[in-house]
Amino acid sequence: MPHPLHYDIRPASLSAHRWAVTLTIARPQALQRVALPVWIPGSYLVREFARHVSGLTARQGRAVCPAQAVDKCTWQVQAAPGKPLVIRYEVYAFDDSVRAAWLDAARGFFNATALLLRVPELADGPHAITLHRPADPTAAHWRVATALTAQSVDADGFGSYLAASYDELADSPVEMGAFWQGEFSVRGVPHRFVVAGAPPSFDGQRLLRDTQKICEAAARLWHGARGKPPQPHYLFMLNATPGGYGGLEHRCCTALICARRDLPRLGQSDASEGYTALLGLISHEYFHTWNVKRLRPAEFARYDYGQENYTRLLWFFEGFTSYYDDLLLLRAGLIDRAAYLKLLAKSLNQVWQTPGRHVQPVAEASFDAWVKYYRPEAHTPNATVSYYAKGALVALCLDLSLRREKRPATLDDAMRLLWRRCKAGPMTESDFAAALQELTGRSFAAELERSTICPDVVPLQELTGRSFAAELAAWVHGTQELPVAELLAAHGITATRQPPTPAQTLGLRASEKNGLITLTHVLDGGAAQAAGMAPGDEWLGVETGDEETGDEETGASAHAGWRLAALDDLPLYLRPGRRALALISRQGRLLRLPLALPEKAEGAWKLEAAASAGREGGAGQGWPWH
């Protein structure tokens, strides 16, 4: 008996980057509607995938069935009920990201949300697909990698697969090509890793060993010494490109992109900064296997593929995952303590250098992801905060605070308790607060009231009551500074300020290329903003007062003009506390803006472990991340 839905998928033209799809609906409705999603779960932006669909036609036998678009992503077909309806169309695929679809002479890739029409009334039933090998002889050595369940496939993976629902189909991207592949096992669960675009120097065995260590560390965190991961199998799909970085999580797989130079190389023992970043990406996406793909916001209990799906919990699902991704590298032995503190400081500085942290609570940043996070602009740092970076710091504060309780606990304990409490399914913020309360039997407020931790940053009167909701209100729904430095100090980690860079001193961000400084962001409250600088300005130079005449303010003939080729050269010509004129080119006009360089400015945070950190001692008196 044929399946209710069947997709026949062919690489129609490698050179024209087009997939050909034939959808057969065994028992259609009289007015059959089909739609392509407007977004893909895990990437919170409406991407309008239907714009790449062309040539849609429908037939029943030899009879043509009228098909008409009824909105931007939905078609309605007039059909005879009960008789198989065949819909054909093509999709242009030239998006080399983890979110959409790609096809060229070297590789094919697609997510179902970008390629396969959804039949709403059949979305919860089985979906069969058949993957065809490209007809082009240059693709004779292509293979298939997907987390879908194979039904009847050849040695290279081409053939028929089955998904239990459209949700599973959407969560199972497909990779095609002449990729490298390797395998390992984690507690009896088979894991496969495929890499497209790997150079001859690629050390695949090292990548497998390191990834296995990460997966083991994640399984240990969630399930203890013996528990088994929840997925029956897992697939890593990595596309190595000239330059790129990113990933997208799925229930039993992940799609990743990295720069080719960041892959591990044969004969190279030390891990490059780029390779460490790649391992952090692998760790992040694998952690999502638990945190967002199973344990997930209650709002995501059922996806609506036709519009935005809002939640205020991305600080938890992305932020806490960002906290654990580097921590798992440490626990897996892939980085040392100094490297971990450097990565932690990077998150701390990312938040600190964002004035928007005083404007937007991280819960609201989560809600606004659909219109802000994926559409950054010049004003973004002043208006919003990253739910990844600040969410990671919230996780850090909770973890360090839990470890100082009379009944000590860890964030690991809270995550495992939440996993059990919500039965590895939908959760709310109140579920998390209840898990924290259950672990310790009291709130942070009582601890803060007896301590000297940050009384001026988070007013104690705002942290009253016997519920963790108070701390979540302050740290997640408020805009106060987080007590990161104080909590770290209580565990033997010192946080000190480094000398500020000129950009930090002035409150700006810039790109520097070929001796030209172009301002990209002007931060609220900074000297650059006070001077009237704006994003897009080209900073050409400075005019300073002549030291011998002492005329620093008005004497044109006494001013010395200096060409500025790099921001780091500014201290050569201008000392703190002195005034100058910034020579700016703005939309073809030359401007002279009065600039005062602040006498005092704060640089980035640097974290270091005290000599005693890691020694056995009282609660909170040593390296906390054992």
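In case you missed it, the structure is sitting above this.
Because the structure is predicted, anything quoted here is derived from the model rather than measured.

Asks: Sorry if this is basic, but what is going on with the pattern of salt bridges here?
Replies: For side chains of opposite charge, pairing can occur when their charged atoms come near one another. On inspection of all chains with the given rule, the structure shows 23 salt bridges. The salt bridge involving glutamate 90 is made with arginine 18; its shortest N-O contact spans 3.9 Å. On the criterion of sequence distance, the pair formed by glutamate 90 in strand E8 (residues 85-92) and arginine 18 in strand E2 (residues 18-25) is long-range, its members being 72 residues apart. Exposure remark for glutamate 90: the relative accessible area of 30% places this residue in the partly exposed category. Residue arginine 421 pairs with aspartate 431 through a salt bridge whose shortest N-O separation is 3.8 Å. Remark: aspartate 431 occurs in helix H11 (residues 429-440) and arginine 421 occurs in helix H10 (residues 411-421); sequence separation between them is 10 residues.

Asks: Hey, could you run me through the nonpolar core in this one?
Replies: If you look at soluble globular proteins, the nonpolar side chains tend to sit buried side by side. Core analysis: the biggest nonpolar cluster contains 161 residues, and Ile87, Trp315, Phe432 and Trp625 have the highest contact counts within it. It is helix H5 (residues 314-331) that provides the largest number of residues to this core, a total of 11 residues. The residues touching tryptophan 625, leaving out its near neighbours within four places in the chain, are Tyr323, Leu327, Leu330, Tyr340, Leu341, Leu344, Leu396, Asp399, Leu400, Arg403, Leu488 and Ile493. Core analysis: the second largest hydrophobic core is formed by 23 residues, Val522, Ala527, Ala582 and Leu593 among them.

Asks: Help me understand the side chain of serine 401 in this model?
Replies: Counting through the fold element by element, serine 401 comes out in helix H9 (residues 389-402). Side-chain polar atoms of serine 401 contact the backbone oxygen of cysteine 397, separated by 2.8 Å.

Asks: Quick question: what am I supposed to make of unusual backbone geometry here?
Replies: Even without a glycine there, the phi angle at histidine 17 is positive, about 60 degrees. Of note, histidine 17 is situated in the loop between strand E1 (5-13) and E2. Since its relative accessible area comes to 15%, histidine 17 is described here as buried. Residues other than glycine seldom take positive phi values, yet glutamate 48 does so here, at roughly 55 degrees. With respect to the secondary-structure elements, glutamate 48 resides in the loop between strand E3 (31-35) and strand E4 (53-60). Look at glutamate 48 and you get partly exposed, because its relative accessible area is 29%.

Asks: What's the story with H5 in this structure? I'm lost.
Replies: Three- or four-residue spacings in an α-helix give side chains the same orientation, since the helix completes a turn every 3.6 residues. Its 18 residues give H5 an end-to-end C-alpha distance of 25 Å, which sits within 8% of 26 Å, the value for a rise of 1.5 Å per residue. With its phi angle positive at about 80 degrees, glycine 333 sits one or two positions after the end of H5.

Cut-offs and rules
- Residues numbered from 1 in each chain as written.
- Predicted model: local features only at pLDDT ≥ 70, side-chain atom pairs only at ≥ 80, totals over all residues.
- Heavy atoms only, no water.
- Salt bridge = Lys/Arg side-chain N within 4 Å of Asp/Glu carboxyl O.
- Helix = DSSP H or I, 4+ residues; strand = E, 2+ residues; numbered from the N terminus.
- Buried < 20%, exposed > 50% of the residue type's maximum accessible area, 1.4 Å probe, protein only.
- Core = buried A, V, L, I, M, F, W, Y, C linked by side-chain atoms within 4.5 Å.
- Contact = heavy atoms within 4.5 Å.
- Polar contact = N/O pair within 3.5 Å; in protein donor to acceptor, adjacent residues only side chain to side chain.
- Expected span 1.5 Å × (residues − 1).

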